[in-house]
Structures are given as structure tokens and as C-alpha cells.
Amino acid sequence: RAVAMSVSHSSRLNKLVREQYMRLPQDGRVQVTYVWIDGSGEGVRCKSRTLDKEPKSIEDVPEWNFDGSSTAQAEGSNSDMFLVPVCMFRDPFCLDPNKLVLCEVLKYNRKPAETNLRHTCKKVMDLVKDSHPWFGMEQEYTLLGINGHPYGWPDNGFPGPQGPYYCGVGADKVYGRDIVESHYKACLYAGVKICGTNAEVMPSQWEFQVGPCEGIEMGDHLWMARFILHRVCEDFGVVATLDPKPMTGNWNGAGCHTNYSTEEMRREGGLKHIEAAIEKLSKRHDYHICVYDPRGGRDNSRRLTGHHETSNIFEFSAGVANRGASIRIPRQVGQDGYGYFEDRRPAANCDPYAVTEAIMRTTVLNETGVETKDYSDH
């Protein structure tokens, strides 16, 4: 009974009945679901429309609009916001030929909305494209029942201490694998560059990885992977939270570790370029902490305590194979002398556009201090 109580009512609707309608032909018309980031900088919203034929490229998808006063993005007196399509995926929920389309949000004056962090990220990525930056992001998240309690945890009390859950197998060690595997398949179908998944250290906590992606593609693919996660969880009646510290006490928090390299780091002798980039990052720790969660570091301060495989938020550190450091150089990279490094500071609820842009500003554009340069004239 406890498990039944923790899932949403709509997840208990008869899915076989739904399947009957899903199989109906569409007579050449196509359902396109527009997806965007709302005024919280964390939430995603969506709505759908019919196109007369299947769009073959993003240019075939028309701009649209929505009521920004209902998403904390505009006032009611001037509430229309523009949805500008930027990246198209196959729809794993309504199936081919239907599409999911990620959009940028512009205000009435065609300026980017406050939480449209893709706009400046794209400018920076265009500037640094010759360095061919590759990213891979490790998205940790926690499954909650509809009651806000971690899914599968006892109603009153806690599971046994951490230890057997990480990459665990067995009904007493992992909760919600059906959701994880469904999300993985849905991402593969959609064309999202998902590259792996595993159970995490805290029970009901999981991780999926997206990458390698070059430039702006990193943010596009991670945001769509998040949308698909929330949508899959909706079908199962549970909630995925990206809160960086969903449970206080002796439980691991949730991060979004960001793996990064440029072309010169990936070549023979690249370790010296990796070390040079880490040196630049060390001098700009405060700036990065500020952009690595949506609240200027306040969310991360609950997670980056120096315990539970994290560094201390107030100190910058780096090391080979050190999961308690701000920056980890994988052991294999240390041995090979080239490859990539991992920034372990971004919070689970970070905006990947903000994170990847910040890394490029510091390591390639050689910005220093807490101020950022405006490249709009370039």
C-alpha cells in the first residue's frame, strides 16, 4: 500500500486504452512538441501543435509563442514570448514522424529572456569553435514519490547506510530501474547523445551521462535528456528532482560533473594544456561557483561540504583520480599524457549552457575576475 500511495493518480490510468489511440494513423500530419526552459531556470515546459508535413530540419519548424506570465517570464500586460526552434529530436512518446523541438525564449522585443542562457553560450561557442571543445556531463538525479519522499524508502525512517547501492543490483539495493531503462531507450530513440547510466551512492539516486558533444550541442542534448526524464517519470507517476542535496545528513548530494577537453588536450602531450586550463580555473573559482547552480552558489553550498565525495565550496583543488577535488584528472589521462579533465563542482540543477560557457570563457578566452566580457560585436 505504501508504494501505491507514492505514485500519482494519472499514472494509474489504463495505459492499454491509451495505446489504442496512439496506433491511429495521422494522415501525413505531424505533432510537434515545443520544449523550453521556464522562468525558474530549472523547469521545462512544453506544448504541441500540428504541422501539415514532417519537418526535415529545424528551419522547417515555425516560431511560436506562449504566455510568459504563466511561466514567471513576463507580466500579464505584455505576456507574449517567442519560441525560437533551435534543435529537433524524434518523439519517443508519440513516435515517428512526430518531433520534440527545443526552443530558445525571446521577449516581446526579441531580446533573450532572463533564463535563456543559450543565447550568450552560442556566441561564445562560435568564438571558440576552432578549439573544438568536447563536453560530457554526468547528470545525477533523485527519484521521489509524489509525497516528496525518496522513492522506495521506508515511509517512516531510512534505508540502511550508503555502501551497497552504487551500481547496485537487487530489489533491496536499487529502486526504480524501470524508469532508468525507459529513459535510456527514449533518449536513444530521440537521438539524444546519451552514453551511459548507473545507480548512484544514495538509494533512489541515479545518473545518466550525455556526450561527447561539441560546443552548444552539450546544453541542447542535456536539456532534452532532462525533459525526457521528467516526461518518463510522469508516465510512472514519480518525480525526478535535480536538487543538489535532496536529503540532509549522511547522504550523498547530486552533481552534474562536467568532462571537458579541447583538441590540443586530446593530442599527444595534451596534459600540459590540461594543467594550464586548470591553473586558469584555479584563479576564477568564485566566478564558476556563482554560475554552477541557478542561485549563485547557494544550492551548491548545501552539497559542496568537503564530505560525500565533494570538494569544499570555498577552496579550489585539483588532483589525479581524486573525487574529493574540484577538478579531477582521470588516472588514465595522467598515464597517457593527454585526454580530458572533470570539473566536479557543477550542481545537479545547473544550466549546462552556463557551465560550458563559463569553462570556455576562462580556459580559451582567458577571462579573469568575476566580470564577463560582452562579445556581441564579434
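Starting afresh in each chain, residues are numbered from 1 along the sequence in its written order. With the structure being a predicted model, the display of local features is reserved for residues of pLDDT at least 70 and the display and counting of side-chain atom pairs for 80 or more, all residues being used for whole-chain, interface and lining totals. Excluding hydrogens and water, the side-chain values take into account all heavy atoms of the structure.

- Within an unreviewed UniProt entry, the label attached to the chain reads Glutamine synthetase, and the organism entered is Neopipo cinnamomea.
- UniProt positions are given in the numbering used here, feature names are shortened, and annotations may be inferred rather than shown by experiment. As recorded by UniProt, the Catalytic activity (unreviewed entry) comment attached to the chain reads in full: "L-glutamate + NH4(+) + ATP = L-glutamine + ADP + phosphate + H(+)".
- Quoted verbatim from the Subcellular location (unreviewed entry) field of the UniProt record, the comment on the chain reads "Cytoplasm".

A word on helix α7 (residues 271–282)
Moving on, step 1. Its twelve residues give α7 an end-to-end C-alpha distance of 16 Å, which sits within 8% of 16 Å, the value for a rise of 1.5 Å per residue.
Moving on, step 2. Within α7, burial applies to L271, I274, A277, I278 and L281. All buried residues of α7 lie within an arc of 120° about the axis, which places them on one face of the element. Put simply, DSSP H or I for four residues or longer makes a helix, DSSP E for two residues or longer makes a strand, and each gets a number counted from the N terminus. An expected span of 1.5 Å times one less than the residue number is assigned to each helix. Between buried and exposed lies partly exposed: a residue is buried under 20% and exposed over 50% of the maximum accessible area for its type, with that area taken using a 1.4 Å probe on protein chains only. To be clear, the arc concerns the directions from the helix axis to the C-beta atoms.

Here we look at the sheet that holds strand β3 (residues 64–67)
Moving on, step 1. Judged by pairing direction, the sheet is mixed, and its five strands sit side by side in the order β2-β1-β5-β4-β3 without closing on themselves. Edge positions in the sheet fall to β2 (44–51) and β3, since each of these pairs with one other strand and no more. Neighbouring strand axes in the sheet, compared pairwise and without regard to direction, differ in orientation by 40° on average.
Moving on, step 2. When strand β1 (residues 30–37) meets β2, the two strands line up antiparallel, connected through eight bridges. Across the sheet, Q31 pairs through a bridge with T50, a residue of β2. When DSSP finds at least two bridges between two strands, those strands are taken to pair. Angles shown run from 0 to 180 degrees and are taken between the N-to-C directions of axes, each axis being a line fitted to C-alpha atoms and, for helices, limited to the stretch in contact.

A closer look at unusual backbone geometry
Moving on, step 1. Looking along the chain, the bond that leaves D96 and enters P97 is cis, with omega of 5°.
Moving on, step 2. As for its placement among the helices and strands, P97 is situated in the loop between β4 (80–90) and β5 (99–106).
Moving on, step 3. Here the amide bond leading from G211 into P212 is cis, since omega sits at -5°, within 30 degrees of zero.
Moving on, step 4. As for its placement among the helices and strands, P212 is situated in strand β8 (residues 205–214).
Moving on, step 5. Although it is not a glycine, L95 sits at a positive phi angle of roughly 70°.
Moving on, step 6. Within the secondary structure layout, L95 lies in the loop between β4 and β5.
Moving on, step 7. Judged by its relative accessible area of 44%, L95 falls in the partly exposed class.
Moving on, step 8. One non-glycine residue with positive phi stands out, namely R110, at about 70°.
Moving on, step 9. Here R110 is to be found in the loop between β5 and α3 (118–127).

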